[in-house]
Amino acid sequence: MIAPGQARGEEGYILHARPWRDTSLLLEVFLREGGRRGVIARGARRNANLRARLQPFRKLWLDLGGRGELAQLRTAEDLLNLPAMNGRTLACAYYLNELLIRLLPRDDAHAGLFEHYAEALTRLAGGRAEAPVLRAFEKALLEELGWAPDWLQDTDDQTIEPEAMYHVHPEHGVQRVSHSSASAVSGISLVDLAEGRFTEPATQREIRLILHALMAPHLGPQPLRSRELLAASARSTPNT
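Calculation rules
Residues numbered from 1 in each chain as written. Predicted model: local features only at pLDDT ≥ 70, side-chain atom pairs only at ≥ 80, totals over all residues. Heavy atoms only, no water. Core = buried A, V, L, I, M, F, W, Y, C linked by side-chain atoms within 4.5 Å. Buried < 20%, exposed > 50% of the residue type's maximum accessible area, 1.4 Å probe, protein only. Helix = DSSP H or I, 4+ residues; strand = E, 2+ residues; numbered from the N terminus. Contact = heavy atoms within 4.5 Å. Pairing = 2+ DSSP bridges. Axes fitted to C-alpha atoms, helices over the stretch in contact; angles between N-to-C directions. 1 Å grid on protein atoms, 1.4 Å probe; cavity = no way out; pocket = protein on both sides within 12 Å on 5 of 7 lines; lining within 4 Å. Points joined across faces, edges and corners; volume = space filled by probe spheres on them. Polar contact = N/O pair within 3.5 Å; in protein donor to acceptor, adjacent residues only side chain to side chain. Parallel < 35°, antiparallel > 145°, perpendicular 65-115°, else oblique. Nonpolar A, V, L, I, M, F, W, Y, C, P; charged D, E, K, R; others polar.

*Asks:* Could you clarify how one ought to interpret the nonpolar core in this entry?
*Replies:* A general feature of soluble globular proteins is that nonpolar side chains tend to end up buried together. The biggest cluster of nonpolar side chains holds 47 residues, and the ones touching the most others in it are Leu96, Leu99, Leu100, Tyr117 and Leu141. Of all elements in the fold, only β1 (10–20), α2 (87–103), α3 (111–125), α4 (130–144), β6 (165–169), α5 (187–194) and α6 (204–219) reach the threshold of two or more residues within this core. With sequence-adjacent residues up to four places away left out, Leu99 is seen in contact with Leu104, Phe137, Glu138, Leu141, Met215, Leu219 and Leu224. Within the second largest apolar cluster, 16 residues are counted, among which are Leu25, Ala41, Leu54 and Leu62.

Now the structure itself:
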């Protein structure tokens, strides 16, 4: 175990790892200051201790070197190991990773989002309800990347009214509508979303639809594998 400041590097998490050449791993990492980066861990597949350390959801102290598109891993030391996750909780954690890989540009620092991610993992590993954790992270992700509208004001600069109906458009923001439709959401859902109330039964579903609709244009047509896994197992647990 190493404390920050005792070596070069910074805090980070492994988002994904796959074999590279004969003995190495190609990693996607999320760094507090460096953002998402591609990293080569040379010889990691024949180093049992290192390979065991380079797993998702473990906070690591990562020392990287080299130039070019892919950094080179010098050292990786444990900072924090969370309780083991499995089943739906593990799928939720992989969903967070998949969102970061698909939506976060390379080498774009987001220290605030790093904190939200670390907090989400801690809550999931601690047994907190899954849906509110995911909604809080999705909201933070949209806000950090500049894709979130003003939750409490419509495109006519009018304050959101809880009893009114609105359409939330990824490009045009929040627009008031005169009647309900399949794509319309209530003003109270926007208020709850803005204030981080993700456990209200009356607004949970609409908040999920709002956040997913805002992410959809940036995710593109390819479905998220983790979301498909969650959908398959969520028949008795809606809103996740």
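There's more to say after this.
*Asks:* Before we go on, may I ask you to explain the sheet that holds strand β3 (residues 35–41) in this structure?
*Replies:* Within a beta sheet, neighbouring strands are joined by backbone hydrogen bonds and run either parallel or antiparallel to one another. Taken in spatial order, the five strands close into a barrel running β1-β2-β3-β5-β4, and their pairing is mixed. Looking at each pair of strands side by side, their axes are set apart by 45° on average, direction ignored. The sheet contact formed by strand β4 (residues 58–65) and strand β5 (residues 70–81) spans eight bridges and is antiparallel. Paired with Asp63 across the bridge in β5 is Thr75. In this fold α2 packs onto β1, β2 (24–31) and β3, with an angle of close to 85° to the strand it touches most, β1. Sitting on the sheet, α3 is in contact with β1 and β2, with an inclination near 75° to β1.

*Asks:* Please explain the layout of surface pockets as it appears in this structure.
*Replies:* Which parts of space are left empty comes out when a probe the size of a water molecule is rolled across the atoms. Of the voids in this model, the largest pocket is the one considered here, and its volume is about 520 Å³. Along the walls of the largest pocket sit 21 residues, with Leu15, His16, Tyr94, Glu98 and Ile101 positioned nearest its centre. Looking at the lining of the largest pocket, the elements with two or more residues in it are β1, β2, α2 and α7 (225–233). Looking at the lining of the largest pocket element by element, the count peaks at seven residues for α2. As a volume, the second largest pocket reaches approximately 160 Å³. Taken together, Gln55, Pro56, Phe57, Arg58, Asn81, Leu82, Pro83, Ala84, Met85, Leu90 and Tyr94 form the lining of the second largest pocket.

*Asks:* Would you take a moment to explain the sheet that holds strand β8 (residues 185–186) for this structure?
*Replies:* With antiparallel pairing, three strands are arranged side by side in an open sheet as β7-β6-β8. Of all the strands in the sheet, just β7 (173–177) and β8 have a single pairing partner and so form its edges.

*Asks:* Mind showing me how you'd approach the environment of Asn81 here?
*Replies:* Positionally, Asn81 belongs in strand β5. Assessed through its relative accessible area of 42%, Asn81 is described here as partly exposed. Remark: the alpha-carbon pair of Asn81 and Ala136, spanning 55 residues in sequence, is separated by 22 Å. Side-chain polar atoms of Asn81 contact the side chain of Arg58, separated by 3.2 Å.

*Asks:* Help me out: how do you make sense of the packing of α2 against α3 in this one?
*Replies:* Two packed helices can be described by the angle between their axes and the distance between those axes. α3 packs onto α2 with a crossing angle of 170° between their chain directions and a minimal axis gap of 10 Å. If you check the angle between α2 and α3, you find them roughly antiparallel. Contacts between α2 and α3 involve Thr89, Cys92, Ala93, Leu96, Asn97 and Leu100 from the first element and Leu113, Tyr117, Ala120, Leu121 and Leu124 from the second. Classifying every residue of the contact of α2 with α3 by side-chain character gives nine nonpolar, two polar and no charged.

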